[in-house]
Structure formats: structure tokens, C-alpha cells
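Reading the structure
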Amino acid sequence: MEDIEFFDICEKEQTAATPFLEQEKDDDDSVTDQFWNVANQANGKGHKIGEESEEKDKIRSKEASEGVGEDSDSSGEIQERHMNNGNNNNNKTMKYADRVQILNLRRNLNQLDNIAKEKDLTIEKAREELSACQLRIEMLTKERECTETKIEEEKEAGNTAAIFRLQAMHRRLCAELGNEKDLESKIALMLKENVYEMWQIEIEQGKFGSLREQLEQDEEELERQCKERAEQRIQKEKTAAQLAERKQQVGKKKEMEAWEAYERRHQKVVEDAHGNHEKAVQFLKKSMSRIRQKEAKEELKTQEHMEKRMQAVLSLKNNITSNRETLRTLQVRDKAKALEAKKQEMKMRGAILAGGGNVTKEIFLHKQHVELERQKQEFTEHQKSRKIEIVARILQEEAYVEKQKKHQARAEALRSQGKLLDSLQWRIKTWQYIENACEDPAAAVLQKSWRTPSACSLVDDKSSSVVDFSEKALQDTIHENDDEEANETLAEPEFTGLWSQECNLYKMPKDETDPKPLGASKMERKIFTENLEKLRSGIIRKQVLSGHEFKGCPFYSKPSFIHFKDFDVGKTYKKKIILINASYSVNFCKLVGVSEHLKDFINIHFDPPGQMSAGMSCEVVVTFKPMINEILEGKVTFLAQSGSFSIPLKCTTKRCVLALDKELIDFGTHVVGETISRTIILTNRGALGTRFKLQTSAGDNGTCTTAKSSLERMVSPALDGITSKEKASSSPVESSIYENKEQVSPVHAEEVRQTYMLGESQKTENNMGSSHVEQLSQDALITKADLEAENAQSPAEPPPEEPPIEITLGKVTEGEIGPFSSIKLQIIFTPSIPGDVRAEFEITFDNPNCKPLHFSVIGVSVDVPVWVPNPNVDLKICMYDRLYQDCIIIQSRAKAALRLKFEVCKELSNHMELLPKTGYIQAQSSFSVQLKFLPRHSLPEDAGKYFDTETRVLEVPMTIMIADKTKPIEFIVHAIVTTSDLEISPAEVNFGYCTIYEAVQTTITLTNKSILPQEFGFVGLPEFVEIQPSDGFGTLLPLESLNLDIIFKANKAKEYSFELICKSEINRQFKLSCKAVGVHPPLELSHSLVKFAATALNDVSTATLYVINAHVSLNRFTHAVPRIGKGEIAPVGPTSFEFLVPEDSPVTIMPSVGTVLPGKKCLIQVYFRPVLSEQLIREEAVQMLCREDAQRTMLKKIHESEMQKRKDETVAGKKDGKKPSFAAFRQPLRVRSSKYAAASSGFEPPKPEEIKTNSEEYIAAQYSLIRNFTGKFERYIIPCFVASGDIDEKIGSENLKYSPYNTLYLELHCPAVAPSVVITSNNGKNIVNFGEVAVGHRIIQRITIQNISQEQLALGFSILNPNGPFLLVSPVGTLEPGENQFLFISFCPNESKLFFETLDIRSIKATLTLSIIGHGVAPSIACSVEGEVLDMGYVIAKEKVTSTFKIQNTSTLPLRYSIKLESLSQTRDKEQQRLPFFITSPPGRTDFVGTQNYSGLSVFNIFPVEGVIEPGKSQDFTVTFSPDHESLYYSDCLKVVLFGKEIAREIWLKGAARNHMMFVEGGDPLDVPLESLAITSPMSEEAAKGELEEPAKSLLLSLEYIQAETSGTPAVRELKIGAIRTAQFASKKNVEFSLDSLPVLQQKGFTIEPVKGTVDRGQIKCISVSWVPPADFDPDHPLMVAAVLTLKGDIKESYKVLFIARVVCT
């Protein structure tokens, strides 16, 4: 644990030191390719324990892993930066790796010191705890001794209570003392271990003593070097600052010049603008003055308008205040009137009570009389006003007729003169009159006879629709021709601005209007009639759409039936109707009218809505003001474009609908002297109330009586007088109205009852005759003579004796029943005489339309001295074999004691019993009998007819015999008998084979056969059985079935046979037999259930478990051995297993097959990677294609409709004479040809199997499913088959013998959720493939990630291999919801192989894994230049020569190359400052750059310089050699650089230049390959032309003769003489050469061939020189001979050849 903490702190300090390292690395010039190797070595020196806990540290902290990832990123940048600056390092400066090593060592030593301090602190704490524990032990020991002393003292004193208390204290102290001693031993052991560990730490510290000293010295040196680097850096910064200052001064100078130029241009622009501004100001002032005047006028108008509105608001407020005061005054007055009326009523009540009358009836009659007088007065006043209105109307019509005649006469006079100017005015006036007559509400009268003929009646009824149409046409005409009358408005707003003054009324076309008036001449009338016929035929048009003609009602009405139910005369009712256009297209709707006989009562308010699209609606308001109390029926007619339609209308009056809930009341049999009551309900389902009276029927004689009330004979004389007066004086119409008003209740009917009243109202007659009045006077009213005759009976006459009345009425015998109410009437049965009783009753009503209702009452009375008050004994529900008891009370009305005998029928004598069987009941007292009922299972067979087997109802008659009485007393015992059985299905359960590592579950059904709920419970369960739910306990409802799960888990390998017992609440037992075989498999799983965390799509969750082979011995007595039941024991040895994973499952098990040795275990890893199935993605792709096609189809339809609309507009434009615009057709044609070409052809969706996995449709569908994924949960059970033997020794797993009973099962719970982060780039793929990249080359790819969750995500990244080629350049910290961020990953391979790594993007919810793939390829080329030198030969100065070579790409990736010359490198100037190689004498020549041109141009030119060579291809390169002066040492180095970094090939370019056409080559060098800085003047032209002889040049030719023991090898050298091919020197075609002093040479042993000759242009000849030492040669003295070689070309050149020969012995 301490080691883990130690290295965790190390990682944190390393992370903290990273910024310092990054700062230092910028100034470090050393190569850092081996940075991590050195750092690892330093860590290894510091501590060896870190290598052991490296894996623990990686798992321990996510932050540490992220820190390492950042260090690896920075290390990659350090390596890349220091590779470029590696050549500038100073060898004396401490390297970067050394500094890292120093930091690591210091960090490790500090951590070691910290651990030592912590361990020292731990030891101190342990010692303190040990001392405290020892102190507590001493205290407890003292307390124990003291307690023992006290116990002895109490024993001597004999105090038993104190002894027990002290003994308990002693036991507690002993227990505490034992605990403290155990704690002491533990602390001492821990202290010992800590001391031992402290010693180890001190030893480790001693080992690092010398290292500490060295580290301090290194730190001092490091600090000194840091200071030096800081000084150097400051100096560089000063130099850079000076350069920047100079650049800034130059820039400022240029900026000042530019600013001056800008100022000059700006000044000119300002002057021009100023002149223009002066001109514009003049015009602007005038415009502003006009604008201000206009604004002032508008402001004034606005103020006036606001003042008007404020005045209006104030007046409204004042009106509201005055109205409120008026209302308060009225309310006070009404309250005073009500109080006065109440006082009058109280006085009247007192007067009536004083007179002995019925107060309720008198007051009610008085109120009716007052209401009747009020209604009569209102009706009289209303009739007078209507008469005045009718007379005024008649006078107005007469005046109008006279005026019309004058207009007709004037029109005929004008027409005879040919002037018809006034015809239009006449027509307008006529239709205005018609409109006013039809719309005037005062034209409505009470009856049909009062309807005044108007102008509407002049037109035929069938043409009412035409009249309405003409009214609209007339309105248009009025608006066009009569401005004064059109502008007249009856309703004006209180102040302007609140009402809209625009009204978009629908106007009919002009060609359909302009009807002729009715009062014109015959010709005009004829023309008008023809126009009307045409108009009628054109109103109704057929509506045809898409070849289908619309048939049916063009408008749908809601509601479809207008019904005014239960109306009151004089009130106004309104209903709103909605008309919906049910036709195919646009339609019109206008009102024609209502039925003729309803026009006086029905008013329709309908504003024509104009054109109505299909499905649109409009509103119609129907107002009904009834004037007569009759049922009215009719319809409202409308006219549409496709035909007329109507809505039925009906108005029904209030009625009484009375009914009884029963027509027969049966009291049953009762004993004389009892009193029984029943109720009957009288219901009024109508909206009209009435009075009722309950009495006996006329044919019923003496069986029922009721108390008579004085209210039945009282009549109000005022009402009688009013009735007679109305009959005598009223007119027939008025009398009928009055009679109807008298019969109608003032209570208004509710419209909720419309459905019921609709059927009842059809049965009522509308007209009430005089017979109704007579019936009312006969049934409801009693004259004074009847009252006097009734009261004139002599009180002295005794009333006749009547038989006792057994059936009587209750308190309520008459009264008022309101609308939609009910009343309960009580009937009382008091039997006094034995026998049957029957009575007939009748309910009569004041309403003559209500027929009387009749019902009958029957009862039976018996005379028995003993009776049972409860003749029906109900024992409720009883179970078999259970005892039930009840007490039966018996009453006696006899005056002496009676002997009773209780008998039970023979059928139930074994089940039911009455105790006692005999008893005596005292006079007029009660007696109790005990009833015992014990139903047995034989009850259905024994009871016979008394038991119903279907309903299980038992009805048993019981008999009580009375001594000296022949008639027994019977009562009935009722009971429902049910069983108490519980049924278990199935009766036997076989679990089969079950391993000891799993549980087997089976389901049973427990059914309650009883009709009572029963509690149950499984008791005495064995330890290996479990029952769920509720552990096998619960309650079963009647006849309910419950499924129970029985879980069996074997604890050892054997055969199980047991019984499960279920007990009910009455202690009944029900058994269930179970069997099973326990199996102990040879292998076991460490976990049989794996619950994965919620895993996002394409993410991976891993679980680890083990397959364990614990079978190491066959001894079954010492431990459990694997076997099947009691079968053979499995052999000890290697055991194989195989997991069988289902196909197409997101689960992978590694390894799925393996072998486990005895006593060993095998690691198993289970991977869960949820993915979307390919079939689901393909189906989604097909659906997306179908949706896209549907969208295209919809766009096509829209486009076609637009095109059709444009065509219609074009046709309309042609009719109007306008030329169509061709621009409107160009764009649609272009769209149709491109966008809708695919939509025009039929779309056939592809099959899901045809969708390819790399297609765009597949990728889009996958992306859509991932975004819309809602999550799913899957459960898998993976079988693991077990077989004895080694899988490696067999050919296949099928060859091993295995038993299916040894199978292990692994259960996996796999929840899948939607990912929180997805890849949006690269078509959503999680693979980053860099492809083939050259070794050392770096490529960066950008990946886009998006947060598709609804919350902010903090991202973390896994660690890439720090020494690997992949690097995460820019990690992302957080992602907002819906935000996109970029990740940059670089790939720089360092060797040629395939690389693969995974990058995990971690969030709180899920992990997104990126697979990074890259292939490092080492670039290789093949060059056609053999060797490393490309010799361009000799060329005349200032001429050119070219040479070609080829480079072939032999690698598998394209190569980007660039050709660089060493002479053009940036470091060339520094290299020239060094000493020449011939002075420093290096082992080999390192400077390949030789003589260069004086002009500064490059001697060697290469083409092409850069490009790309494809794999397997080659590229030709041309080298041009163009010297500008004579030199033999032209040279340069050509470098082939790949990808701007790697030098693939170096070629040494050589060449020589001469001013003349001949050259000599060979011999030993006599000078250096460098030129002097001095430039020699070239030869004059005259000298060149004169072929002057140049001074002789020297050549050294050394020859070495190799002398062997037996013979020698001659020394051979060559001299090459060549002629340069050139266009110059045309006079000389060849070069002649000759060598003099030949005899001397031959004498000295030299042989030369040839001595002379010629060389053609472009040719080279060799002069071979061989030497054999002569006989007189002295080996100690080398031979030196000189000769002159003469060349003749354009000039003559001489070379002095010095031959030096010597002998070399081997």
C-alpha cells in the first residue's frame, strides 16, 4: 500500500515538473531521440519497486494517466523540434536526458524521505496507542481486584442482590480486560512490522548516500548552465530587438509617406464633400420645414383624438357610476317591496289561521291570482302596442303605394321620350322597400291573420332565393350609384378609431346582378322574367372534381336538428348552428328562409361568408320568440352552389310526464298486530309541474281509508270569478291563449331534458278546447254549494260502524310535484283480522292532460299465538366441516304458557340441529333457541331439493310445533355452503438435474375453490427450497388462481425427494411432491451472473471471471467430489470447457474454449459491445428512401399546381389582351427538367438486402438510428459445456465425452444506451486510417466529435503509446450539448511496419473508442548512376554539357522528392569559414563542393527539382554542366531528399573546363582542388588566334615496381589525352600529341606507347607507360626522368612530364 502511494506521488510530481521541462527543451540543442530510454533508466536507478507496481499505477488514477498522455504529447514535440536543431549542440553542455535524470533522481529521493517521515510518524502513533492500551489494562486490573474484594465482603454480609450485581460487573471487567489484551498484542505486532519496515527504508536511504552527493553537484552544475543559457538568450534577444527596431524605423518611414499621400487625397475628398454638402443643405432645409409642418398637424390631430377618447372614457365612467347608484336605489326599493310583501303575507297567514283555513293553499292561490293579473295586464298592453304598430304600418304602406304610382307615371313619361335615366333610381327604391319590409322586426305579429302583405308576397314563393340574390345585387348597385344613401349609417361609434371602417363584403359578379324591378312595363317585366329563369338555371351548378360528381347535402349542420324544447310564451330563445362545407371544393351558402307558418316566431341571423373552402364553417343564429303555446314544426332552407338544403326545426311546449315505479305492492304474510310500511315513488319526467291527489279507487269498498283534509274542498272564490269572467268576455283568440297560460307552470324547462321530452311532446295536442276548462272545473274546483252541503251534516248523528281498515295511506296524500322531480308515497299495512287484504288506489292530477294512475296493494294476515320476528335466518357463507351457530328469538302473544317443539327436516338432521328440542315459552314473552349448523361433504346428496348445486344455496324450512295447535310455525334458514379446498397444479414437480452452482425455478398454480378468501402459507420448507413471492405466504380471493415460483438450489450431489406443505387459515394441509437430482460439475464459475453497466452503442464493456478446477482428490469423505447424483466420481485431471455464445449476439467470450488443470483457474473475459444490426440499418435506409421519395412527390404536386395556376393566369391575361411574360415559364421548365425528372418516373424502393454497407444510404440510416436510439435491455444465458480431458490432445472438442448435466450457465444482463459522443466526420466511422506513410514523415488528421446528449460532458482520453507513432495533438476538455469539436491526431512512423492503437474518449456516461491504424513504409529508390560519382567530363569554358540519370520508386507509396545541391545549402557560408581539408588532413574528403562560377550562377543545374514519383514508376533527371571559366576542379554534391527530411541518395558531380580543345588527364596531383581567390585575366584574342605557345605545365607520374621473391611486376601508368567536342575552333578538327626524350626513357627502363598520334574531337587516347628497373638501378635511390609532352590543337601546349620510379619489395 505504501509503495502504491509512493509512486502515485512520483507521478504527480512528474506532472508538476512538465512545464519546466517544456521550457528547458526550447533552448536545448541536443538530440532527444533516446529521451524516454534515459528517463526509464533513471527511474530504474531510483527504485526498483516502481516496475512491480506499474500496472497498479495505470489502473489507480485517471488523472495520472492523462498527465502521462500530456507528457507523451510534449515528448513528441520535443523530439521533432530537437531533430531540426540537433547539430547546434555543444558537447560540453549537459544534455537534456541528463537533466531529466537529475530531476527524476531528486524526485525519487524526496519521495523516499517523505515515506521515511510518514513511517516514523506511524511508529510514534503506534507506540502511543500501545502505552494507552497498557494503561487501560492496569486500570481494568485494579477495578477487577477491587470488585473481587467487594464480592467477598458482600458474601460475608449475605447481600445476595449486591453479589449478583458485582459478579455481573466482574464478568464485564474480565471481558473488557481480554479485549484490551488482544488489542495490545495486535498493536505490538503492528509496531514491530512498522519498525522493520522503517529499518528497510533506512537501509535504502544509506544506499543512496553517494548518489545524493553526486546529485547535489549535478544540480549546482545544472543551475550554472541555466544561468549561462539565460545570458546567451538575453544577448540574442537584444540583437533581435535591434533588428526589429531597424525594421520598425523603415516601416514608420514608409507609413509616414503613405499617410501624407492619404492626407492629400483626403483633403481633396473633404473639399468636394463640403461643396456638395452646402448644396444639399439648402434642399434639406426646405424638406425639413415641410416635414415639421406635417408632423405638427399630425400631432395636433393626435392630441384632439386623445382628448376625445379621454372625454369618452370619463363619460363612460360617470355613466357607470350613475348606473351603479341607480341599481343600488332599485335594489333598496325591491328589498322594501319584498319586505312589505312579506309583511302582507304574514298578515294574510294570520288571518287565514284565525279563520281556520289552509294557509299553504290559500297563499298559493293568492300568488297565482296575482301572477295571472300581472300577465293579463302585460298582455293587454302588448296587444295595444301591436295594434298601434299595425295601423302605422298600414298607413306607411298606403303612402308608399301612392308614391310608387307617382314614380311609375313619371317613369312611363320618361320612357316614352326615350329617357330612362330614372329607371335605376326607381329600381333602387323598390328593392329598398322590399329589404326594409322583410327585415323590419315590427312586421312580426301574433297570429297568421295579422301578417300584413308586403312586397315580398308579390314574388312567387319558389323564387325566394332569387329575391335574396337580387338584394345582394341591389346593394352593389346602391354603392355604385347613390353615394348619399350608401353613406348613411344608423350605428355610429362613440369616438372614432375603435371601429373598423372597412368591410370586405362579398360582391357578386356584375354580369349576374342588375335585375329588373317588378313595377316596370310589360316589356321590362318579360325581360326580367327571362332573366330570372336564366338566373335560376345558373344558380345550381354541378360540382365535379377529379371526374367525381358531388352528390348529397353540400353543407353539414351541427346540430342537424333545431329543437326549442319546453318554451315559455313571451320569452326569447337563441340557438347557434354551425354550417360546414362538406363538398369537394369552394362553395357558397346563402339563406333562403324558414317555413311560412314560422316566420312570425323564428328570426334567422346569417351573415353570408362568401367563398368557403372545403371543410370551412360559418355560424347561423336562430332566434325563437313564442307568442302561442303550441307545438311548431318546420325547416330552415339554404341555397348552395350545388343545390339547396334545409335543416328541420321543431318547437315543443312544456308537459307533465308522470309515472309510478310499480303497480303492485305485496306486503306478504304477517301476523295480526304488526305494522308494516312500503313506499311507492311518483316521478315527473316532464318540464311542467302539477298538483296530485292520492285516494282510493271508486270501486274499492271499505278496504282502505284515509283521513280527509279540508284542503280538498276549498276553492278560491277569486279564481272562480276570474275564470267565469274570462269565459264570458274574452275573444276566442284571447280566451284560448288565457286557457293555455293557465295550464302552463311558470317554471322554465331545462334544455338538458330534450331527448325525453321529444318523444312525449309528439303525443300532446296543440289546441286546447273548451272541454278542458269544464274538466278543470269538475275535478279540481268545488263550488260553494258542495261546501255548504258537506258542512250541513248534523253532528248529532252517530257515524255508521265500519270494519277496521288494515291498509292506510301515510302523511302525504296530496301536494305539488315539480318538473323533473319525484315524491315518495307511504302505504301502511296493519293486519287486524286474519285473511287476505287487497286495496286499489288512484292518483289524480290537476292537469287535465295527465291521466290518473292506479296501483294495487295486497297482504295476508295470520293469527298465530307464537311467531318468529325474523322468519328468514341467514347464516351467510359457510364452509364444510366448520360449526356455525345462531340464536333464534321466538315471541308469544298468548296469555298462558305454551309448550314448543322444534323440528328439523329429516334430510338435514345430520347437518343442522336446534337446541333445546323442546321448551316452554311464557305468556307474552320471548324464548331463545340455539341453531347449530355443521355442514359435511355429504350435504349436497343429503339435502336434495333444499340445496342448489349450481348456486350452492341452502334453504331449509324449520318447524315449530305448538302443543294443542294444528298449524305449525315455519321459518327458513338460508346459507351458502362452499368448500375450503386449495388445489395445487401440478400435484408433483420434477426439477430434473440441477447443479450446485445454479437454481432451478418452476411455476405452480394454487387455486382457491372456495367463494371465501383464504390465507395460505408454505411451512417447514427445506433449506434448499425457496418459494416466491412473499416467501410462499398470501391470501387468495374467492375462486382466484395464483402462480407461485418454486426455486430449488441443490447443496450437494445426491437424489432429492421431498414434500412441500401448504396450510390454510383453518389449519388444513395440502401437499406437493418434489423430486430432483443434484449435480456437482467438475468445474465452477467464479461468477454466474454478470451485470454490465449501461453501455453505449459501439462501446465495449468488459467483465472478468474465472473457470476454476477445484477437483484435486477422489476422497469423497474429506470434501465434496464432482458427480451426477450418486453416479461415478469425475476423474482427477485436466478438464476442458467451451462457452457456446449465440450467433449475432453482442457478447464475446475470450477464451471460449480451454482446459483447466486440477487446482488451477482460467481467466475468462466477457466483452459486451452493443451494435445496430445490419438488417435494422438496411430497413431504416429503405424507409428513409421512401420518405425522400414522398417529399419529392409532394414537391412535384406543388410545382404542378403552381404551373397550372400560372397557365390559368396566362390564359386570363390573353383574354384581357395582356401579353404573357415568357420569364414565368423559363424557370419552371428548368426546374422540371432537372429536379423533378426522378420524381416523374415511378419509384420502387430497393430491398433491404440490396443496400450495401459502404453506401451513403446505409451510413445515413446508421447515423439516424444512433441519434434516435432510446436504449434496450437484453438478457443472455450462455451455456458452458464441461468435459474431462485436455482439449489440446484431441483433434476437436467434439471428440471429448461430456455430460449435458454438467453444464454450467453464465447469465449476462446487457443494457445498451445511446452514445453521448459520436463521430460526425468520416461518415461516422470510428476508425482513423492514415494509410501508408513514409518513415519519419508526419501526417495529421482531423476528427469531428459531437455531444448528442442534453448535458455538458467532461472528456478524458486514454494514453497512447509514448514511444509509438501516434500522438493526440489537441485534446478537448468539455463538450456542450450539441457542440462539435475537432481532435487532431498525428502519425509519424519510425520504422517500416503496421501500427495499430486505440484511443478511448471517456465521459461520465460512456466511452467512445477510436481505432487508429497506420502503416509505416520505408521509402526506397534505385538510381541509374553507378557508384557515387557522376563525371561530366571536359567542356569548353562558357559552354554547356548535359547528362541524364534515372531514379525509380521501389516502395509501395508515392514519394515526394526534392533535389538539393550542397553548393546552394544554407550552411554553405559557415562551412567555407573552416580550414580546407588538405590542411586539417581528415581521413576522407568531406567537402564535395569545388570550384564555382565567377558569375555566382550554379555550375550544375538539375531538372526537375521536386515532384512525386508514384509506386513502381521512375523519373528522369537532367544535369547541366555550364562553367564560365577554366578549372579542373568543378564539383558539387547532389542530394535526393524525400519528404523534405530524409536524404535517400548522394551523388558527387564532377567536371572540368578548358579554354582550349585539348586536355591531359592522369598523373599524381601536384596542387589542391581549390582555386585562389584572385581572378586571372583571360588570354587575349590575338594570342589565341596566333596559337602562341603557353608555358609548359608540369605532370608527375610515379611508378612503383613490386619486387617479389621470384619475379617482379612491372609498374604501369597511363596518361589520357583528349579532344573536346565543340563548335569552336573549326579550323582544327583534331589534336596532335608527341613525347620527346624517348631514348633516354627507354634507357632508364620506361616503355611508352604510343609516342605520338592524333585525337579526334570528342575522343580520348591513352598513353601507356610501363617501367622495369634496369640492371644498374639502385633501389636506394629513386629514378627521376623528365620528358616533354607537346599538344597541338587550337594552340600548342607543352607539359613537362616527370617520371619517378622506385622498387617496392613485398
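Since we're looking at a predicted model, the values are computed, not measured.

Bringing the overall build of the protein chain into the picture now. A tally of regular secondary structure across the protein chain gives 28 helices and 79 strands. Of all 1706 residues assigned to the protein chain, the portion counted as buried reaches 35%. Counting only contacts in the protein chain whose residues sit at least 6 apart along the sequence, the fraction spanning at least 24 positions is 74%.

A separate point is the nonpolar core. Ranked by size, the top nonpolar core spans 40 residues in total, and within it Phe1137, Phe1139, Ile1164, Val1166, Leu1306 and Leu1308 carry the most contacts. For this core, the secondary-structure elements that each account for two or more residues are β43 (1101-1108), β45 (1135-1139), β46 (1147-1150), β48 (1161-1168), α21 (1174-1216), α24 (1256-1267), β49 (1272-1284) and β50 (1304-1313). Residues in contact with Phe1137, not counting those within four places in the same chain, are Leu1083, Val1107, Pro1151, Ser1152, Val1153, Gly1154, Thr1155, Val1156, Cys1162, Ile1164, Cys1280 and Phe1281. By size, the runner-up hydrophobic cluster in this structure holds 39 residues, among which are Val873, Leu900, Leu908 and Ile969.

By definition, the strands of a sheet pair up through backbone hydrogen bonds, in either a parallel or an antiparallel sense. Read across the open sheet, the 4 strands follow the order β3-β5-β8-β7; overall the sheet is antiparallel. The strands lining the two open edges of the sheet, one partner per strand, are β3 (555-558) and β7 (602-605). The mean inter-strand angle of the sheet, taken between neighbouring strand axes irrespective of direction, is 25°. As paired elements, β7 and strand β8 (residues 617-624) share 4 bridges and run antiparallel to each other. The partner of Ile602 across the bridge, within β8, is Phe624.

Before going further, it helps to examine unusual backbone geometry. The omega torsion across Gln1028 and Pro1029 is 5°, close enough to zero to call that bond cis. Residue placement: Pro1029 occurs in the loop between β35 (1025-1028) and β36 (1033-1036). With an omega dihedral of -10°, the bond running from Met1150 to Pro1151 counts as a cis peptide bond. With phi around 50°, Gln924 is a residue other than glycine that occupies positive phi space. With respect to the helices and strands, Gln924 occurs in the loop between β26 (918-921) and β27 (926-933). In this model, Lys1438 sits at a positive phi of 70°, which is unusual for a non-glycine residue. Relative to the helices and strands, Lys1438 resides in the loop between β62 (1429-1436) and β63 (1441-1449). On the accessibility criterion, Lys1438 (70% relative accessible area) is exposed.

Now for the sheet that holds strand β71 (residues 1593-1603). The mixed open sheet is built from 6 strands, whose spatial order is β72-β71-β79-β78-β74-β76. Taken across any chain shown, the strands that pair with only one partner, and hence form the sheet edges, are β72 (1608-1609) and β76 (1652-1656). For strand β74 (residues 1630-1635) and β76, the ladder comprises 5 bridges, and the chain directions are antiparallel. From the neighbouring strand, Val1631 faces β76, where its bridge partner is Val1655.

Another aspect to go through is the pattern of salt bridges. Taken as a whole, this structure holds 37 salt bridges when the rule is applied. Notably, a salt bridge pairs Arg212 with Asp113, separated by 2.7 Å at the nearest N-O pair. Of this pair, Arg212 sits in helix α9 (residues 209-355) while Asp113 sits in helix α7 (residues 96-157), placing them 99 residues apart in sequence. By relative accessible area, Arg212 is classed as partly exposed at 21%. The exposure class of Asp113 is partly exposed, given its relative accessible area of 21%. We note a salt bridge from Lys1071 to Glu1059, for which the minimum N-O separation is 3.9 Å.

Let us now look at the packing of aromatic side chains. Ring pairs (aromatic) are described by centroid distance and by the angle formed between their planes. Throughout the structure, instances matching the rule amount to 32 aromatic pairs. One aromatic cluster in this structure is built from Phe991, Phe1024, Phe1048, Tyr1056 and Phe1058. Just above the ring of Phe564 sits the side chain of Lys575; from NZ or CZ to the centre is 5.9 Å. Lys1550 extends its terminal NZ or CZ atom over the ring of Trp1548, reaching a point 5.3 Å from the ring centre.

When two helices pack together, their arrangement is given by the angle between the helix axes and by the axis-to-axis distance. Across the interface, α7 lies against helix α8 (residues 160-207) with an axial gap of 7 Å and an inter-helix angle of 160°. Between α7 and α8, the angle is such that the two are roughly antiparallel. Crossing hand, α7 versus α8: left-handed. Class assignment for the residues of the contact of α7 with α8 results in 25 nonpolar, 8 polar and 18 charged.

Moving on to the environment of Phe1673. Looking at where Phe1673 falls in the secondary structure, it is placed in the loop between β77 (1660-1667) and β78 (1679-1688). The contacts of Phe1673, once residues within four sequence positions are left out, are Trp1667, Pro1678, Leu1679, Ala1701, Arg1702 and Val1703.

Only one face of β26 is covered, namely the face carrying Gly919 and Ile921; the face carrying Thr918 and Tyr920 is uncovered. Pairing of strand β24 (residues 898-904) with β26 involves 4 bridges; the strand directions are antiparallel. Among the inter-strand pairings, Leu898 is bridged to a residue of β26, identified as Ile921.

Glancing now at the state of the cysteines. In total, this model carries 0 disulfides according to the counting rule given. Summary of cysteine pairing: Cys656 is not part of a disulfide, and the nearest cysteine sulfur, belonging to Cys850, is at 4.2 Å.

Time to look at the environment of Gly1324. Residue placement: Gly1324 occurs in the loop between β51 (1317-1319) and β52 (1327-1334). Classification of Gly1324 as partly exposed rests on a relative accessible area of 30%. As for Gly1324 and Ile1345, which are separated by 21 residues in sequence, their C-alpha atoms are 9.2 Å apart.

Turning our eyes to something else, we now look at a negative patch on the surface. Negative charge collects at one region of the surface, where Glu145, Glu148, Glu152, Glu153 and Glu156 lie side by side. Tracing the sequence through the fold places Glu145 in helix α7.

It is worth spelling out a nonpolar patch on the surface at this point. A cluster of nonpolar residues, Ile1340, Val1369, Phe1382 and Phe1384, forms a patch on the protein surface that exposes about 320 Å² of accessible area. Tracing the sequence through the fold places Val1369 in the loop between β56 (1366-1368) and β57 (1374-1375). Accessibility expressed as a relative area gives 36% for Val1369, which makes it partly exposed.

A few words on the packing of α8 against α9. Between α8 and α9, the shortest axis-to-axis distance is 4 Å and the interhelical angle comes to 45°. Here α9 runs oblique to α8, going by the angle between their axes. Across from Gln205, Gly206 and Lys207 in α8, the residues of α9 making contact are Gly209, Ser210 and Arg212. Its residues assigned to classes, the contact of α8 with α9 comprises no nonpolar, 4 polar and 2 charged.

The predicted structure's coordinates, where accompanied by low pLDDT, should not be read in detail. Averaged over every residue, the pLDDT of the protein chain is 76; residues scoring 70 or more account for 75%. Confidence, expressed as mean pLDDT per element, reaches its minimum in the protein chain at helix α16 (residues 732-743) with 34 and its maximum at strand β37 (residues 1041-1048) with 94. In the predicted structure, residues 1-91 sits below a pLDDT of 50 and forms 113 contacts with residues beyond four places in sequence or in another chain. Predicted confidence for residues 437-519 stays below pLDDT 50, and this span has 116 contacts to residues more than four positions away or in other chains.

Right, let's get into α24. Taking 1.5 Å of rise per residue, 12 residues should cover 16 Å, and α24 covers 17 Å from first to last C-alpha, within 8% of that figure. For α24, the set of buried residues is Tyr1258, Ile1259, Ala1261, Ser1264, Leu1265 and Ile1266.

Let us now look at the environment of Asp863. Within the fold, Asp863 resides in the loop between β20 (853-862) and β21 (866-867). On the basis of relative accessible area, Asp863 is assigned to the exposed category, the value being 56%. On a C-alpha basis, the gap between Asp863 and Ile833 in space is 7.7 Å, while along the polypeptide they are 30 residues apart. Residues in contact with Asp863, not counting those within four places in the same chain, are Val672 and Pro834.

Parameters and conventions
Residues numbered from 1 in each chain as written. Predicted model: local features only at pLDDT ≥ 70, side-chain atom pairs only at ≥ 80, totals over all residues. Heavy atoms only, no water. Helix = DSSP H or I, 4+ residues; strand = E, 2+ residues; numbered from the N terminus. Buried < 20%, exposed > 50% of the residue type's maximum accessible area, 1.4 Å probe, protein only. Contact = heavy atoms within 4.5 Å. Core = buried A, V, L, I, M, F, W, Y, C linked by side-chain atoms within 4.5 Å. Pairing = 2+ DSSP bridges. Axes fitted to C-alpha atoms, helices over the stretch in contact; angles between N-to-C directions. Salt bridge = Lys/Arg side-chain N within 4 Å of Asp/Glu carboxyl O. Phe/Tyr/Trp six-rings, centres within 6.5 Å; stacked < 30°, edge-to-face > 60°. Lys NZ or Arg CZ within 6 Å of the ring centre and 35° of its normal. Parallel < 35°, antiparallel > 145°, perpendicular 65-115°, else oblique. Left-handed = near helix turned anticlockwise from the far one by under 90°. Nonpolar A, V, L, I, M, F, W, Y, C, P; charged D, E, K, R; others polar. Disulfide = S-S within 2.5 Å. Patch = residues over 30% accessible without salt bridge, like charges linked within 9 Å, V, L, I, M, F, W, Y side chains within 5 Å. Areas by Shrake-Rupley, 256 points an atom, 1.4 Å probe, with all protein chains shown as cover. Lys, Arg positive; Asp, Glu negative; His and termini not counted. Charge placed at Lys NZ, Arg CZ, Asp CG, Glu CD. pLDDT = per-residue confidence, 0-100. Expected span 1.5 Å × (residues − 1).

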